[in-house]
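Each chain, written out:
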Amino acid sequence: MTVHPLSGPAPGYDDPYEAAGIRLLTGRRTGLDEHLARHGVLPLPWSGRGGGDERLISAVELSGLTGRGGAAFPTGRKMRAVADGKGFPVVVANGMESEPASRKDATLLDDAPHLVLDGAAVAAAAVGANTVHLCLARPRLLQAERMRRCVDERLRRGVDRINVRIQQLPHHYVSSEETALVRWLNGGDARPAATPPRPFEKGVRGQPTLVANVETLAHLALIARYGPDWFRRVGHPDAPGTALLTVTGAVRRPGVHEVPMGRSLGSVLETAGGATAPLSALLVGGFFGSWLPAGPALSVPFTRADLAQLGAGPGAGVVVALPKDACGLAETARILNHLAANSAQQCGPCRFGLPAVARDFTALAEGRPEKDLWARLRSRIELLPGRGACRHPDGASRLAATALSVFAADAHIHMTGHPCDAFHGSAVLNIPQAHVPGPDEWR
């Protein structure tokens, strides 16, 4: 079946995946033949000389698609800015997934690699680029090799003509930030760069650059085939489509689940089989996310606007269910130590402020009530946001501040010198061992 961009028939609701609101994942690795049988060929206008395609950009704007990498910025608006920029555009596909609590991008690249590569071709055609840099974490050798084979097969069979270059970058927490990708591709370290200019203004080789998360690209591939109205059939009017969420903690089926946007957090947990124990809190967004009290949070829709009212956001698409027999302060202290060790070490807040907050929070979690600990910790947390060379201190301070609020009763017990009973329970989050990268590890 040949499906022309924006005019082909949308999948019927006899499709079991589409009927369940599932569009990206099938639960198994999909090869090129199965991918084409399900979605058809994706013919695109192609000049290779810049200029972009207004029809594609308008369709993405009408779809309401927002980035699925963390910032949730309107994708169509970013594409238009790149297409209208001065110079020859470049596309960067971000598959780094440096958030330790997330597995969504790795799952998508394993399950539907050709949907991601379709989306890369759509993005390139839309903005007028002829090169896509697919950025992957260097330690994931098998992932890079699989994607390289997919790219080669598509070229060999004439599926598309886009030049996709597999790039394997250092794997540190901040290395997946968009300016870090651009900086590395330009020959520098994989550390965030000062802005402005943003990559859409001046990115790879000084050209306007579209940086898009691989999940965002997969959605682009479907919008280009079936149109914006089809995309809006699922999800919330103000947050259409589906999202891949990594749901872990005290749930029966931890893992990556595709969920229509706008579902309540309680419904998200039910998608993962429901809670296995009484919950005290939810961590939403990942290590840069926010702790929310479980009771009130369960009814909150998973949209940027609704979460923002509670001081939270979708972030990297992570939801962690914390059981009451776990210590939220101890979990937070471990995260903060990881964030402090994995900063870019480019500014005072990361070199001095974040490690100091991590030390203070560790003292609180362990029940070591040092003199003026509470006041000092609150003061240091408030000083972090907006002062760093990038947003790394901002995310860490948000996590710490929400932990002090949600786990205030436990913090009071810890300040007496006796950690709460939950402190002695097993850890919920799988947090990598803290490691401070050396100067040569950023290249």
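Since we're looking at a predicted model, the values are computed, not measured.

1. Looking at the pattern of salt bridges
Inspection of every chain in the model, using the stated rule, returns 25 salt bridges. Linking Arg80 and Glu54 is a salt bridge whose minimum nitrogen-to-oxygen distance equals 3.0 Å. Of this pair, Arg80 sits in helix 4 (residues 75-83) while Glu54 is found in helix 3 (residues 54-63), placing the two residues 26 residues apart along the sequence. Using a relative accessible area of 22% as the deciding quantity, one classes Arg80 as partly exposed. On the basis of relative accessible area, Glu54 is assigned to the partly exposed category, the value being 46%. Here Arg380 makes a salt bridge to Asp360, at a shortest N to O gap of 2.7 Å. Pair noted here: Arg380 is in helix 16 (residues 373-383) and Asp360 is in helix 15 (residues 348-365), with a separation of 20 residues, a long-range link. Judged by its relative accessible area of 4%, Asp360 is buried. What you see here is one network of salt bridges that share partners, running through Asp360, Glu366, Arg368, Glu370, Arg376 and Arg380.

2. Quick notes on the confidence of the model for the chain
Taken residue by residue, the chain gives an average pLDDT of 91. The fraction at 70 or more is 94%. Between residues 1-5, whose pLDDT stays under 50, and residues either more than four places distant or in other chains, the model counts 20 contacts.

3. With respect to the pairing of strand 1 (residues 90-94)
Consecutive side chains along a regular strand alternate between the two faces of the sheet. Counting buried positions along strand 1 yields 5 of 5 residues, so the element is predominantly enclosed. Side-chain alternation along strand 1 places Val90, Val92 and Asn94 on one buried face and Val91 and Ala93 on a second face that is also buried. Where strand 1 lies against strand 4 (residues 209-213), 5 bridges are found, and the strand directions are parallel. Note on strand 4: the bridge partner recorded for Ala93 is Ala212. Bridge count for strand 1 against strand 2 (residues 131-137) is 4 bridges, and the pairing is parallel. Among the inter-strand pairings, Ala93 is bridged to a residue of strand 2, identified as Leu134.

4. Quick look at the environment of Asp84
Turning to its location among the elements, Asp84 is positioned in the loop between helix 4 and strand 1. Residue Asp84 is classed as exposed on the basis of its relative accessible area, which comes to 57%. Separated by 318 residues in the primary sequence, Asp84 and Thr402 have C-alpha atoms spaced 40 Å apart.

Here is what the cut-offs are and how they apply
- Residues numbered from 1 in each chain as written.
- Predicted model: local features only at pLDDT ≥ 70, side-chain atom pairs only at ≥ 80, totals over all residues.
- Heavy atoms only, no water.
- Salt bridge = Lys/Arg side-chain N within 4 Å of Asp/Glu carboxyl O.
- Helix = DSSP H or I, 4+ residues; strand = E, 2+ residues; numbered from the N terminus.
- Buried < 20%, exposed > 50% of the residue type's maximum accessible area, 1.4 Å probe, protein only.
- pLDDT = per-residue confidence, 0-100.
- Contact = heavy atoms within 4.5 Å.
- Pairing = 2+ DSSP bridges.

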